[in-house]
Amino acid sequence: MRSILVTGAAGFIGSNFVRMLMSRGEDVKLVVLDKLTYAGNIANIQDLIDDEKLFFVKGDICDAALVEQLWTNHAINQVVHFAAESHVDRSILSSGPFVQTNVVGTQVLLDVAKAKGVDRFVHVSTDEVYGSLPEDKPDVKFTEETSLAPNSPYSASKAGSDCLARSYFHTHHLPVMITRCSNNYGPYQFPEKALPLFITNLMEGKKIPLYGDGMNIRDWLYVEDHCDAIWTVLNKGTPGEVYNIGGNNEMTNRKIVETILREMGKTWDDGVQYVKDRPGHDRRYAIDASKIKRELGWEPKHRWEQAIKTTIQWFKDHQDWWRAIKSGEYLKYYDQQYTQR
Ligand code: NAD
Ligand code: DAU
């Protein structure tokens, strides 16, 4: 049986990843290391914790002694590295935690993997490392060869971690693979990110805060498809390679908002408030995911039209989950982000 260290699996994508592997009955032992920051939530994996295949450890990826101990105690032979500070707006308010976790934390994991040995190491990264695309050239998309041009402290810290991961392959022959995915949506997404924020605000009788002119474009992918792509890369990918992952599903934020309003029976005037734009707001992201399809046979299985309905229904059915989050520290952040700016 493989022993896989999964970092950050109490967060959005990591929790969906371990849930997917457990429900598929994969022959794996999953060692989950998560600091339980404001974005980490033990409730995301609580129902899986008693399973003998899953070991949860609360701790920091920057703690080299702890990471070494996990390797020794659990005979780790593979790594899927999700743990990160992941929200662009928070990186604009304060970038220190982003450099610490995303850069230093990744370096610690790579160093321990080098010292202790590893068969495969998937570094989960983002399309935001490529910067922003022009709106007037719809055929231009990010490929794995696109130069890195990060524009926010978040994406800069992720680009730093990507470069470290790449260097450990070239210099130390560590079997690292890097994935760069577009925007995810689905169950367990923290309600500071656009889609769950918009959906839950409407349920609370509040408005959707739409940045700028609402015409920024993202390529939306259902989280289960991202998890399946990461599993595919872990099993079939070639060390040293980068794999873009995307939904071929570009939409403006206005289009997203129109869909959510329609599904939730609200009008634009009742449900939307334009607010001050995000500083340095990237205009357009679009992923060319032809390499992972051609070389590893992966492509998305979920369509936006159905998956957004499933996502809205999940938030309707899990109000205790998100109402508990939207209190305390969250409300202070919300006030700072949306009222005081
Ligand atoms: P998230 O913010 O929901 O979860 C991050 C998790 O990492 C949390 O559980 C948190 O407690 C944990 N964590 C943070 N710092 C840690 C530390 N120092 N030590 C241990 N654990 C720590 O993030 P997410 O949206 O699930 O993203 C997961 C990964 O996927 C990130 O690396 C992100 O850059 C990448 N990614 C996200 C998206 C997206 O749309 N959400 C798209 C592409 C790539
Ligand atoms: O592209 C992948 C990235 O997608 C990941 O690497 C990040 O971790 C993830 O957070 C996400 O980054 P974005 O900045 O694209 O996602 P966010 O949900 O913050 O915003 C999506 C779009 O919605 C973006 O154009 C900004 C806009 N937006 C966002 C918020 C929070 C608003 O208009 N209003 C808002 O209140």
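Thresholds, definitions, all that
- Residues numbered from 1 in each chain as written.
- Chains lettered and ligands numbered in written order.
- Predicted model: local features only at pLDDT ≥ 70, side-chain atom pairs only at ≥ 80, totals over all residues.
- Heavy atoms only, no water.
- 1 Å grid on protein atoms, 1.4 Å probe; cavity = no way out; pocket = protein on both sides within 12 Å on 5 of 7 lines; lining within 4 Å.
- Points joined across faces, edges and corners; volume = space filled by probe spheres on them.
- Nonpolar A, V, L, I, M, F, W, Y, C, P; charged D, E, K, R; others polar.
- Salt bridge = Lys/Arg side-chain N within 4 Å of Asp/Glu carboxyl O.
- Helix = DSSP H or I, 4+ residues; strand = E, 2+ residues; numbered from the N terminus.
- Core = buried A, V, L, I, M, F, W, Y, C linked by side-chain atoms within 4.5 Å.
- Buried < 20%, exposed > 50% of the residue type's maximum accessible area, 1.4 Å probe, protein only.
- Axes fitted to C-alpha atoms, helices over the stretch in contact; angles between N-to-C directions.
- Parallel < 35°, antiparallel > 145°, perpendicular 65-115°, else oblique.
- Left-handed = near helix turned anticlockwise from the far one by under 90°.
- Contact = heavy atoms within 4.5 Å.
- Pairing = 2+ DSSP bridges.
- Near = heavy atom within 4 Å.
- Polar contact = N/O pair within 3.5 Å; in protein donor to acceptor, adjacent residues only side chain to side chain.
- Areas by Shrake-Rupley, 256 points an atom, 1.4 Å probe, with all protein chains shown as cover.

Engineer: Can you help me understand empty space enclosed by the protein in this one?
Structural biologist: To find leftover empty space, one rolls a probe the size of a water molecule over the atoms. This structure, assessed with the given rule, holds two cavities of 30 Å³ or more. Within this model, the second largest cavity holds a volume of roughly 60 Å³. Val88, Ile92, Glu128, Ser152, Arg218, Arg278, Pro279, Gly280, His281, Asp282 and Tyr285 are the residues that line the second largest cavity. Of the residues that constitute the lining of the second largest cavity, the class distribution is four nonpolar, three polar and four charged.

Engineer: How do you make sense of the pattern of salt bridges when you look at a structure like this?
Structural biologist: Note on pairing: side chains with opposite charge can pair once their charged atoms come close. The tally for this structure, following the rule as stated, stands at 17 salt bridges. One salt bridge connects Lys309 with Glu263, and the closest N-O pair in it is separated by 3.4 Å. Of this pair, Lys309 sits in helix H11 (residues 304-317) while Glu263 is found in helix H8 (residues 253-263), placing the two residues 46 residues apart along the sequence. Each of Arg24, Asp228 and Lys301 takes part in one network of salt bridges that share partners.

Engineer: When you look at the nonpolar core in this model, what are you seeing that I'm missing?
Structural biologist: Note on soluble globular proteins: their nonpolar side chains tend to be buried together. One finds Phe17, Val18 and Ile292 to be the most contacted residues of the largest nonpolar core, which totals 37 residues. Listing elements by their share of this core, those giving two or more residues are strand E1 (2-7), helix H1 (12-24), strand E2 (28-34), strand E5 (120-126), strand E6 (176-181), helix H7 (223-236), strand E10 (242-245) and helix H10 (290-296). Residues Leu202, Leu261, Trp314 and Tyr338 belong to the second largest nonpolar core, which totals 33 residues.

Engineer: Whenever I open this one, the layout of surface pockets confuses me. Can you help?
Structural biologist: Of the voids in this model, the largest pocket is the one considered here, and its volume is about 290 Å³. Along its surface, the largest pocket is lined by 17 residues, and Glu144, Arg166, Arg180, Gly240 and Val242 are the ones closest to its centre. Mapped by element, the contributors of at least two residues to the lining of the largest pocket are helix H5 (153-172) and E6. Sort the elements by how many residues they give to the lining of the largest pocket and H5 lands first, with six residues. Of the residues assigned to the lining of the largest pocket, the class counts are seven nonpolar, three polar and seven charged.

Engineer: Before we go on, may I ask you to explain the packing of helix H4 (residues 96-116) against H5 in this structure?
Structural biologist: The geometry of a pair of packed helices is captured by two quantities: the angle between their axes and the separation between those axes. Between H4 and H5, the shortest axis-to-axis distance is 8 Å and the interhelical angle comes to 15°. Considering their axes alone, H4 and H5 lie roughly parallel with respect to each other. Read as a crossing pair, H4 and H5 show a hand that is right-handed. Between H4 and H5, the contacting residues are Phe98, Val99, Asn102, Val103, Thr106, Gln107, Leu110, Asp111 and Lys114 on the first element and Tyr154, Ser157, Lys158, Ser161, Leu164, Ala165, Tyr168 and His172 on the second.

Engineer: How should the sheet that holds strand E11 (residues 250-252) be read in this particular structure?
Structural biologist: Each strand in a sheet pairs with another by means of backbone hydrogen bonds, the pair being arranged parallel or else antiparallel. Taking strand neighbours across the sheet as the criterion, the three strands line up as E7-E9-E11 in an open arrangement whose pairing is mixed. A single partner strand is all that each edge strand has here, and the edge strands are strand E7 (183-185) and E11. With strand direction ignored, the average angle separating the axes of adjacent strands in the sheet is 50°. Sheet topology places strand E9 (residues 217-222) next to E11; three bridges connect them, and they run antiparallel. Within E11, the residue paired with Asp219 across the bridge is Glu250. Contacting E9 and E11, H8 crosses the sheet at an angle of about 85° to E11.

Engineer: Can you help me understand the site of ligand 2 in this one?
Structural biologist: Around ligand 2 there are 26 residues in total, and Asp127, Glu128, Tyr154, Arg278 and Tyr338 lie nearest to it. For ligand 2, an oxygen atom lies 2.6 Å from a polar atom in the side chain of Tyr154. When ligand 2 is considered free in solution it has 690 Å² of accessible area, and contact with the protein chains removes 95% of it. Of all the secondary structure elements, the ones that give two or more residues to the shell around ligand 2 are helix H3 (88-93), helix H6 (194-203) and strand E8 (208-211). Partitioning the shell around ligand 2 into residue classes produces 11 nonpolar, eight polar and seven charged.

Engineer: I keep staring at the environment of Asp50 and nothing clicks. Help me out?
Structural biologist: Relative to the assigned elements, Asp50 resides in the loop between E2 and strand E3 (54-58). Accessibility expressed as a relative area gives 74% for Asp50, which makes it exposed.

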